Amino acid sequence: MSKGEKIPHSVIAAAREDARFKAIEVRRHDSHVEVVWSRSLPAENQTWSGFAAECGLASNADRRDKASRRHSPAVVGLDSTGVAFYRISAPTVDEHETAAIVRVQAEMLLPLPPEQIEVAWRTSPSNNGNMDITIAAVRKEHLHKFAGSVRDFHPRHIFLSCEGTAKAWQGLFDGREREAFLISIGEENTQVCLVQNGLVTRAGVLDVGMTALSRYGHEGGSVVSHDAMDRFAQDLQIMLSSFGWDEAGSRPLFVLSDGGEVLHRVIEMLAVAGVPARASVPRLENLKAPAGFGTGEAYEYRTPLGLAMIALEKPSATLGLFDRVLREQEQQKAASAWRSVALAGAVAVLMLIALLTTAYFTDVASARRWDSLVRQPEFQAALQHQALVKTVARHRP
C-alpha cells in the first residue's frame, strides 16, 4: 500500500483454497471486525470471473447487488504454490544496496533468467550489525496469468494467501506466539509457515491434504489413514527442518483447527510420529458475524478473513510480488484510454473536414447554378418585367 493510499472502511477478500472459491466482506470497527457476508463455491468447473459475478463484482453481475457493495474495494490471495521463499543474512545497508543484494541472491538461487523472475523482500533486525532478509521469488509469467484471471474482482491488492492465513491466526485464533511454525491443512494441500513477529518468513506447500489423509469409515464418518499419516509426517518433518525446526521445540508448532474430531485425531497422530503440534482454534471475541457464522465458518474462511484484515490495516510489510504487475496493468489501461480518446478525436477531425469540404463544394455548385440562371434571356426578361411593374405602381395616382 502506498503512503498516500486511504485505508478502506470495508473490504472484500477472495481466495481459492480447499478446492473452493471463497469470498468475504469485512468491515472495520474500533475494537473488532465485522463479517458482512460470505460466499463459497466449488472450484470445479468454476472460474474467477464466474465467482466474481456470483459475488456481484463482475461487469455482468446484477446491478442492484453490485451497487450495494460498490464502495468496498477488493483484495485477492495467491496460494504459495510456485512461490519460492528464502531467508538470508546480510550487513545492514540502505534500501538500494539491499535491493542489489536480493537481486544477486535470487539469480544465484533460481535457475531462471533474471528477466523472468519477480522478487519481493523485507528485512528484519538481527544481531552484530546484520539484518535478516525474507525473499519471495516467482516467475513473472505466473503473476501475469493470475492477475489476468482475477481481473473481474478489480483487486486493489493481491497478497500471498499464506500471509492472510498468518494474519488470521494472529488476530482470531488462540495459542498465538511471537514465533511459531504454523500448519494449515486444507482439502488438497497443506500450507506450512514460519511466522516471526506476525510476519511470514518461510513458507512451503505439501501436496497432501485432508482428502488424502482421511477416508470414510464403516459408519459413515471420516477416519484418518495411518499409512497416509506416516508419509505426511515424514514430509512435514523434512520441510520443518529446512525452516529451522528441531525436535527440542525451540519454537512451538500449531495446527489450525476447527475444533472437530478429525483434525484432533490428525494432531494426535502427528505427535506419535514425532511432530508435537498443538491445535489452534478460532476465538470469536474480536469478530462480529451474522447468525450461523461460528467457529467452523471462521476456520473455513480463515485465509480471506486474514487477507481482509491486512487490507484494513497498513500492509506495508507484506511481500508485494504483484505491485509491479498491477502498476503495469494500470499503465496499460491509461495508455489504452488515451489511445481511445486520440482515435475518437482523429475520427471527429476527419468528420469535420469531410463536412466542411461537402459544404464548400455545395456552395460552389450553387453559385455556378445561380450564375447560369442569371445569364439566361428568360431570366433577364422576367427581371425587366418586374422592374416595369414596380415603376408603374409608384407613379399610379
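Trainee: I'm lost on the packing of aromatic side chains in this one. Help?
Mentor: Aromatic rings in a pair are described by how distant their centres are and how their planes are angled relative to each other. Per the stated rule, a full pass over the model turns up eight aromatic pairs. Ring geometry for phenylalanine 51 and phenylalanine 153: centres 6.1 Å apart, planes at 45 degrees, overall tilted. Taken together, the residues span a long stretch of sequence, with phenylalanine 51 in helix H1 (residues 48–54) and phenylalanine 153 in the loop between helix H4 (140–149) and strand E8 (155–160) at a distance of 102 residues. Ring centres of phenylalanine 146 and phenylalanine 322 lie 5.9 Å apart, and the angle between their planes is 55 degrees; on these two criteria the pair is classed as tilted. Here phenylalanine 322 lies in the loop between helix H10 (302–311) and helix H11 (323–374) and phenylalanine 146 lies in helix H4, a separation of 176 residues in the sequence. Judged by its relative accessible area of 12%, phenylalanine 146 falls in the buried class. What makes phenylalanine 322 buried here is its relative accessible area of 1%. Every member of this aromatic cluster is reached through a ring pair, and the members are Phe21, Trp48, Phe51, Phe146, Phe153 and Phe322.

Trainee: Explanation requested: the sheet that holds strand E9 (residues 179–185) in the structure shown.
Mentor: Pairing between sheet strands relies on hydrogen bonds along the backbone, with the strands arranged either parallel or antiparallel. The five strands are arranged E11-E10-E9-E14-E15 in an open sheet whose pairing can be described as mixed. On the outer flanks of this sheet lie strand E11 (199–206) and strand E15 (278–280), each paired with one strand and no other. Geometrically, the sheet is characterised by an average inter-axis angle of 30 degrees between neighbouring strands, direction not taken into account. The sheet contact formed by E9 and strand E14 (residues 253–256) spans three bridges and is parallel. Following the sheet pairing, isoleucine 183 is matched in E14 by valine 255. The sheet strands contacting helix H7 (residues 226–242) are E9, strand E10 (190–196), E11 and E14, and the helix crosses E11 at an angle near 150 degrees.

Trainee: Would you take a moment to explain unusual backbone geometry for this structure?
Mentor: In most cases, non-glycine residues show a negative phi, while peptide bonds are predominantly trans. For aspartate 18, which is not a glycine, the phi torsion comes out positive at approximately 55 degrees. With respect to the helices and strands, aspartate 18 occurs in the loop between strand E1 (10–17) and strand E2 (20–28). According to the relative accessible area criterion, aspartate 18 is buried, its value standing at 16%. With a phi angle near 60 degrees, alanine 19 is a residue other than glycine that sits in the positive phi range.

Trainee: Sorry, what's going on with helix H3 (residues 95–109) here?
Mentor: Three- or four-residue spacings in an α-helix give side chains the same orientation, since the helix completes a turn every 3.6 residues. Across its 15 residues, H3 extends 21 Å between first and last C-alpha, which sits within 8% of the 21 Å expected from 1.5 Å per residue. Residues of H3 that are buried: Thr98, Val102 and Ala106. One side of H3 carries all its buried residues, which in axial view fall inside an arc of 70 degrees. With respect to the buried face of H3, the exposed residues turned more than 90 degrees away are His96 and Met108. Residues of H3 that are buried make contact with strand E6 (117–125) and strand E7 (130–139).

Trainee: I keep staring at a nonpolar patch on the surface and nothing clicks. Help me out?
Mentor: Where nonpolar side chains cluster on the molecular surface, the patch consists of Val104, Met108 and Leu109 and spans about 290 Å² of accessible area. Among the structural elements, methionine 108 can be located in helix H3. Judged by its relative accessible area of 62%, methionine 108 is exposed.

Trainee: Explain the layout of surface pockets to me, please; I cannot follow it from the model alone.
Mentor: Think of a ball as big as a water molecule: rolled over the atoms, this probe shows where empty space is left. Of the pockets and cavities examined, the second largest pocket occupies roughly 350 Å³. As for the second largest pocket, its lining consists of 20 residues, of which Glu187, Met210, Asp258, Val262 and Leu263 are closest to the centre. Residues that form the lining of the second largest pocket fall into these classes: six nonpolar, six polar and eight charged.

Trainee: Could you clarify how one ought to interpret the environment of alanine 147 in this entry?
Mentor: Mapped onto the secondary structure, alanine 147 falls in helix H4. Exposure remark for alanine 147: the relative accessible area of 2% places this residue in the buried category. Alanine 147 sits eleven residues away from isoleucine 158 along the chain, and the two C-alpha atoms are 8.1 Å apart.

What counts and what doesn't
Residues numbered from 1 in each chain as written. Predicted model: local features only at pLDDT ≥ 70, side-chain atom pairs only at ≥ 80, totals over all residues. Heavy atoms only, no water. Phe/Tyr/Trp six-rings, centres within 6.5 Å; stacked < 30°, edge-to-face > 60°. Helix = DSSP H or I, 4+ residues; strand = E, 2+ residues; numbered from the N terminus. Buried < 20%, exposed > 50% of the residue type's maximum accessible area, 1.4 Å probe, protein only. Pairing = 2+ DSSP bridges. Axes fitted to C-alpha atoms, helices over the stretch in contact; angles between N-to-C directions. Contact = heavy atoms within 4.5 Å. Expected span 1.5 Å × (residues − 1). Arc of directions from axis to C-beta. Patch = residues over 30% accessible without salt bridge, like charges linked within 9 Å, V, L, I, M, F, W, Y side chains within 5 Å. Areas by Shrake-Rupley, 256 points an atom, 1.4 Å probe, with all protein chains shown as cover. Salt bridge = Lys/Arg side-chain N within 4 Å of Asp/Glu carboxyl O. 1 Å grid on protein atoms, 1.4 Å probe; cavity = no way out; pocket = protein on both sides within 12 Å on 5 of 7 lines; lining within 4 Å. Points joined across faces, edges and corners; volume = space filled by probe spheres on them. Nonpolar A, V, L, I, M, F, W, Y, C, P; charged D, E, K, R; others polar.

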